[in-house]
Amino acid sequence: VQLQASGGGLVQAGGSLRLSCAASGRTFSTYVMGWFRQAPGKRREFVAGINTSGGATIYADSVKGRFTISRDNAKNTVYLQMNSLKPEDTAVYFCATGRSVTLVAVRDTERYDYWGQGTLVTVSS
């Protein structure tokens, strides 16, 4: 599986961005997907996860109510809609997946085999 993230950019605090992650292959619909982020000098952290059908999602407390993860299996794409952005949301955002990723364990980075290249989100104050 190859993942290509896009949609990052510079936005003012309070603004919105939508990230996309396009996946290769014909098995996308069988993978639980996750979004992570890594700010400069910090560890990579979980942001959001979505099950194979798109019917169940999980969020980090820091983004709950502001971010929405969704997927379109017909387009092999997972999205991250980010609203009410804050300067502390500034980071490189990665989409990821793996055969052993489940929604219950979606925060566990060691389960992930495939990572996108990352897209930079910068939120100015």
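This text follows the structure it describes.
The rules we used
Residues numbered from 1 in each chain as written. Predicted model: local features only at pLDDT ≥ 70, side-chain atom pairs only at ≥ 80, totals over all residues. Heavy atoms only, no water. Helix = DSSP H or I, 4+ residues; strand = E, 2+ residues; numbered from the N terminus. Rg over C-alpha atoms; globule rule 2.2 N^0.38 Å. Buried < 20%, exposed > 50% of the residue type's maximum accessible area, 1.4 Å probe, protein only. Areas by Shrake-Rupley, 256 points an atom, 1.4 Å probe, with all protein chains shown as cover. Lys, Arg positive; Asp, Glu negative; His and termini not counted. Charge placed at Lys NZ, Arg CZ, Asp CG, Glu CD. Contact = heavy atoms within 4.5 Å. Core = buried A, V, L, I, M, F, W, Y, C linked by side-chain atoms within 4.5 Å. Salt bridge = Lys/Arg side-chain N within 4 Å of Asp/Glu carboxyl O. Polar contact = N/O pair within 3.5 Å; in protein donor to acceptor, adjacent residues only side chain to side chain.

Some remarks on the overall build of the protein
Right, so step 1: In terms of helices and strands, the protein carries zero helices and 11 strands.
Right, so step 2: From first element to last, N terminus to C terminus, the protein shows the α and β order β-β-β-β-β-β-β-β-β-β-β.
Right, so step 3: In terms of C-alpha radius of gyration, the protein reaches 13 Å, essentially the compact-globule figure of 14 Å for 125 residues.
Right, so step 4: By its C-alpha atoms, the protein is 40 × 25 × 25 Å across when sized along the principal axes.
Right, so step 5: Counting only residues that meet the buried cut, the protein has 45% of its 125 residues in that class.
Right, so step 6: Accessible surface, the protein as shown: approximately 6,300 Å² in total, 47% of it carbon and sulfur.
Right, so step 7: When the 14 basic and 8 acidic side-chain charges of the protein are each reduced to a single mean position, those positions are 4 Å apart.

Looking at the environment of Leu103
Right, so step 1: In this structure, Leu103 sits in the loop between strand S9 (91-97) and strand S10 (114-115).
Right, so step 2: It is 27 Å that separates the C-alpha atoms of Leu103 and Pro40, two residues lying 63 residues apart in sequence.
Right, so step 3: Residues within four places of Leu103 in sequence aside, it is in contact with Val32, Gly49, Ile50, Asn51, Ala56, Thr57 and Ile58.

A word on the nonpolar core
Right, so step 1: Trp35, Leu80, Met82 and Tyr93 are the most contacted members of the largest nonpolar core, which has 37 residues in total.
Right, so step 2: If sequence neighbours within four positions are ignored, Leu80 has contacts with Leu17, Arg18, Leu19, Trp35, Val47, Ala48, Phe67, Thr68, Ile69 and Tyr93.

Some points on the pattern of salt bridges
Right, so step 1: Applying the stated criterion across every chain, the model contains five salt bridges.
Right, so step 2: A salt bridge links Arg37 to Glu45; the shortest N-O distance between them is 2.6 Å.
Right, so step 3: Shared partners join several salt bridges into a network, and the residues in it are Arg37, Glu45, Arg66 and Asp89.

Remarks on the side chain of Arg71
Right, so step 1: With respect to the helices and strands, Arg71 occurs in strand S7 (residues 67-72).
Right, so step 2: Buried within the structure, Arg71 lacks any salt-bridge partner; its nearest side chain of opposite charge belongs to Asp72, at an N-O separation of 8.3 Å.
Right, so step 3: Reaching out from Arg71, the side chain makes a polar contact with the backbone oxygen of Thr52 at a distance of 3.4 Å.
Right, so step 4: Here Asn73 takes part through its side chain, which lies 2.8 Å from a polar atom of the side chain of Arg71.

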